[in-house]
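Fold and contact review
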Amino acid sequence: MLDNVSDLVFGAVFDAVDIGLVVIDSEGCVVCWNEWIARVARRPAQEVLGKSFYNIFPDARRTRLPAVIADAFQVGSSSILTHTLNALLPLRGEGGGPLLHNIIVRPVSSMHTNYCLLQITDVTVAVTRERVLRERQNARYHAIVDSAPDAIITIDDSRNIHWVNGAVDHVLGYDHSELLGQKLDVLLEPDNPLLPALAESVADQKVDTAISVVGRYKNGKSGYFDISLGHWRADQRDFVTTVWRDVTERVAADAALRDARDALQSTNEELESRVEERTREREIALRQLHESQKMESIGQLTGGVAHDFNNLLAVILGSLSLLKKTIPEDARISRLLDRAIQGAERGATLTSRLLAFARRQELKVEFVALQKLIPEMLDFLRHSVGPNITIHVGVSSEVCAVEVDANQLELALINLAVNARDAMPQGGSLTIACHNEENGKRVGLPRDPFVCITVTDTGEGMTEATLARAQEPFFTTKGIGKGTGLGLSMVQGFTAQSGGAMRISSRPGEGTTVTLWLPRAKQDAKAASAETEIARTKEARHLRVLLVDDDILVSMGAADMLLDLGHSVTEAPSGAQALRLLETDPPFDIVVTDYAMPGMNGFELAQRIKEKRPKLPIILATGYAELPADRSIEFGHLSKPYTSRDLASALDKALD
Amino acid sequence: MKVDPGELTEIEQDALAEIANMGVSRAASSLRQMVGEQVLLSVPSVRIVTREAAAILVERNNPKRLVAVQQSFEGPFAGRALLIFPEAQSLELVRSIVGDEHSLEDIIDLEQEALAETGNIILNGCLATIANVLHRTMRMSLPSVVRGDGAALFEVDGAASRAQFVLFLYIDFNIKKCDVHGFIALLMDLPSIAALKAIVHDFISAIEKQQSGHVG
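These numbers were taken from a predicted model, which means no experiment stands behind them.

Criteria and thresholds
- Residues numbered from 1 in each chain as written.
- Chains lettered and ligands numbered in written order.
- Predicted model: local features only at pLDDT ≥ 70, side-chain atom pairs only at ≥ 80, totals over all residues.
- Helix = DSSP H or I, 4+ residues; strand = E, 2+ residues; numbered from the N terminus.
- Contact = placed C-beta atoms within 7 Å.
- Pairing = 2+ DSSP bridges.
- Axes fitted to C-alpha atoms, helices over the stretch in contact; angles between N-to-C directions.
- Buried ≥ 20, exposed ≤ 12 C-beta atoms within 10 Å, placed from the backbone.
- Parallel < 35°, antiparallel > 145°, perpendicular 65-115°, else oblique.
- Left-handed = near helix turned anticlockwise from the far one by under 90°.
- Nonpolar A, V, L, I, M, F, W, Y, C, P; charged D, E, K, R; others polar.

1. Points about the environment of Ala 70 of chain A
As for its placement among the helices and strands, Ala 70 of chain A is situated in helix H5 (residues 65–75). For the pair Ala 70 of chain A and Ser 26 of chain A, spaced 44 residues apart in sequence, the C-alpha separation works out to 8.3 Å.

2. Points about the environment of Ile 152 of chain A
All names here are of chain A. Counting through the fold element by element, Ile 152 comes out in strand S6 (residues 151–156). Separated by 16 residues in sequence, Ile 152 and Val 168 have C-alpha atoms that sit 7.2 Å apart. The residues contacting Ile 152, other than those within four sequence positions of it, are Val 145, Val 164, Asn 165, Ala 167, Thr 241 and Val 243.

3. Section: the sheet that holds strand S20 (residues 590–594) of chain A
Residue and element names in this part refer to chain A. Taken in spatial order, the five strands make up an open sheet running S19-S18-S20-S21-S22, and their pairing is parallel. Single-partner strands in this sheet number two, and they are strand S19 (568–572) and strand S22 (636–639). Each strand of the sheet is rotated relative to its neighbour by a mean of 20 degrees, with strand direction disregarded. Here helix H18 (residues 644–655) sits on the sheet and contacts S20, strand S21 (618–622) and S22; the angle it forms with S22, its principal contact strand, is near 170 degrees.

4. Things to note about helix H14 (residues 487–497) of chain A
Residues and elements named next belong to chain A. Counting buried positions along H14 gives 10 out of 11 residues, so the element sits mostly inside the fold. Restricting attention to buried positions, one finds in H14 the residues Gly 487, Leu 488, Ser 489, Met 490, Val 491, Gln 492, Gly 493, Phe 494, Thr 495 and Gln 497. Within two residues after H14, Gly 499 carries a phi angle of roughly 90 degrees, on the positive side.

5. Side note on the packing of helix H16 (residues 575–584) of chain A against helix H17 (residues 602–612) of chain A
All names here are of chain A. Contact geometry for H16 and H17: axes closest at 10 Å, N-to-C directions at 20 degrees. Classified by the angle between their axes, H16 and H17 sit roughly parallel to one another. Judged by the sense of rotation from one axis to the other, the crossing of H16 with H17 is right-handed. Residues Gly 575, Ala 578, Leu 579 and Leu 582 of H16 lie in contact with H17, whose contacting residues are Glu 604, Leu 605, Arg 608 and Ile 609.

6. Thoughts on the pairing of strand S15 (residues 450–457) of chain A
Residue and element names in this part refer to chain A. Across the eight residues that make up S15, a large majority, six, are buried. As judged from the eight bridges shared by strand S14 (residues 428–437) and S15, these two strands associate in the antiparallel manner. Pairing of Ala 433 across the sheet is with Thr 454, part of S15.

7. What about the interface of chain A and chain B?
Counting residues at the interface gives 20 residues for chain A and 30 residues for chain B. Broken down by secondary-structure element, the contributors of at least two residues to the side of chain A that touches chain B are H5, strand S3 (79–81) and helix H6 (124–147) of chain A. Taken together, the residues that form the side of chain A that touches chain B break down as seven nonpolar, eight polar and five charged.

Rendered as structure tokens:
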């Protein structure tokens, strides 16, 4: 409905618009063709007006255009044909390049005539802009993901791999395309923390921190990975982009570092414990040294005192025995003398114990069969411990004989039995057992083999503190006046001097076991060496005796005894004097000399005499074991203190 | 006699479904020409419902986000035609039409245009067929793409809601092994529904006459 003016304006507008406008009549011929379409189709209006649209664009017959144009005429429908889904008209832009366009087809009516309007829109710019934008964005994106050292893998909510970057090759060993379409699970060890994390990530849609997982390389080997997850949605679907960082080397380095640290720590601990052990050993050694020094001092002191007492007792006993002979029979005097002798003998016993502890007693080492000695002692032991205590003795026939002083062994066993009795005031049992022991190194003994005698009681036992002091002389747990504190000291001294050892083990309430280690007798030693007592009394004979002693009192006592025995005596106070007397005086029948003398001792004197007068018998009188063990047999021997009878017997033996 | 606009007799339903199937098969041939592959479209059932009911029907078993291609039409009956899909399926549809050579990003870029054209083809096919079959002329607008839930698509809260009804057609697409289920909805006022029914009756009686003529 336009007037002429409007018609002119419409014509100008029709040519001025920036879209293509084509009007087609029901016969398919072009009736309007604006400047824009003339330009892009390279066909001016006068060339195409009145011609069939399909002659101008023959290829348009193969598009949807004929159908939608027909519909527009027949049913009045409007259609849109986009470049996206259709290849449309061969139009070109100003630069000569193909022109992307959409076409809208509408029915139009004018003066009862139906036409069809085609509006052609240039979308090249928009499409190009979109493509450029996308390419630019993609370029940035690819610059990041393709240069990333980590593998980047995008999966959907079913864990199907949709996209990977190039780094999967060197990180996981897969070709770029190999993983597409596979499940992410091929890269994971079973029971992985990633799978639950992924499920959670999809549910919560949150950004997660890295997850450490054990992954699998293409070659089947396992490796450690830190995986970070980025969740995103597109197209109504959930995706997760996973970034895989290979931390296998770092984990290995951490493990190595940890191992090294552990090793260092354990070495340190070991070193510390060694230092502690050494310190402890040193402390023990020092304590033992201190203990042995203390025992040594006590031993020397005890030994010295006992030696002097012994000499004095020798004088007293000698004098008393002489006195008893010379004084006429008088019951009262005789009783007093006996009592004095008994007292002196008990004193001698005490000093012998002291000497035993000091390991200076005279030991008469002999072959002792324990199978014989112990049962023989049994009555005496029973008597000692009383009726409340049962004694068990076990000495099998295999137990070897020992080489010790039998009397001292008996004394030791009695001491132990008495101690056991005192530990069992309510009664109990005492067990004496013996066995062979091959290895003495266990208790620090240098030589083998041994026989062990164990004496076990069921008494109250000892505390550690008591046990530590048990072997000290004069230490006693018994009440004042009840014990001398010399019992165990004597046993200890005896075993040590015999070449063995003593060990005590005890716990409060669990009884005490004392073990004596005694040297085993040599195989060829004779059981029959038990001394046959030489009881024969020699018919009295007159001897000229040279008596050597530095102690005048002792010397006088001994001289008196010799005179009493009917001999003549010349006394010498020193070895030198004795040698001079031997030179000048008429020949002596025998020399009796003390051992311990200043200047020249008894043994040296005896050797000198032997050089000059090899046949002259010599008797060495000793208070303790100061004689070199191997030499003592060369000469006669007399233990101090001695009685007149001991002296007579020694003279007899020496002259035999 | 009161006519319930929501009621369609069995024969009316069959007739409308027949017409709709003719329309979508026409659309399918257009798509096939465009895609170059077999495209199957079918309308298994037809109902007339209120807009509220339609809003609920399109959301059933679907997420609330829907996409629709909409065109208005004028003629013996007038209203709006909508082709409706769940939003996610719309992209599947576009992907199957534009082909695999496009990346996901490309498809997202193309979605709007491609969807508009595809919807245009299908809706035009249906409306043109109805017009052809009924020997009437109609005017149809260009397509536009709208998004929203069922209530928004059917303007449930609009002023004229009570007066308008929906001819509701289920539609199944099968393109390149991709199955997409959607709906075609024709929103019309009561007179348009009545006019449509009257036209359908004419169609039915013409067919009956034709058949009896053949028989007689």
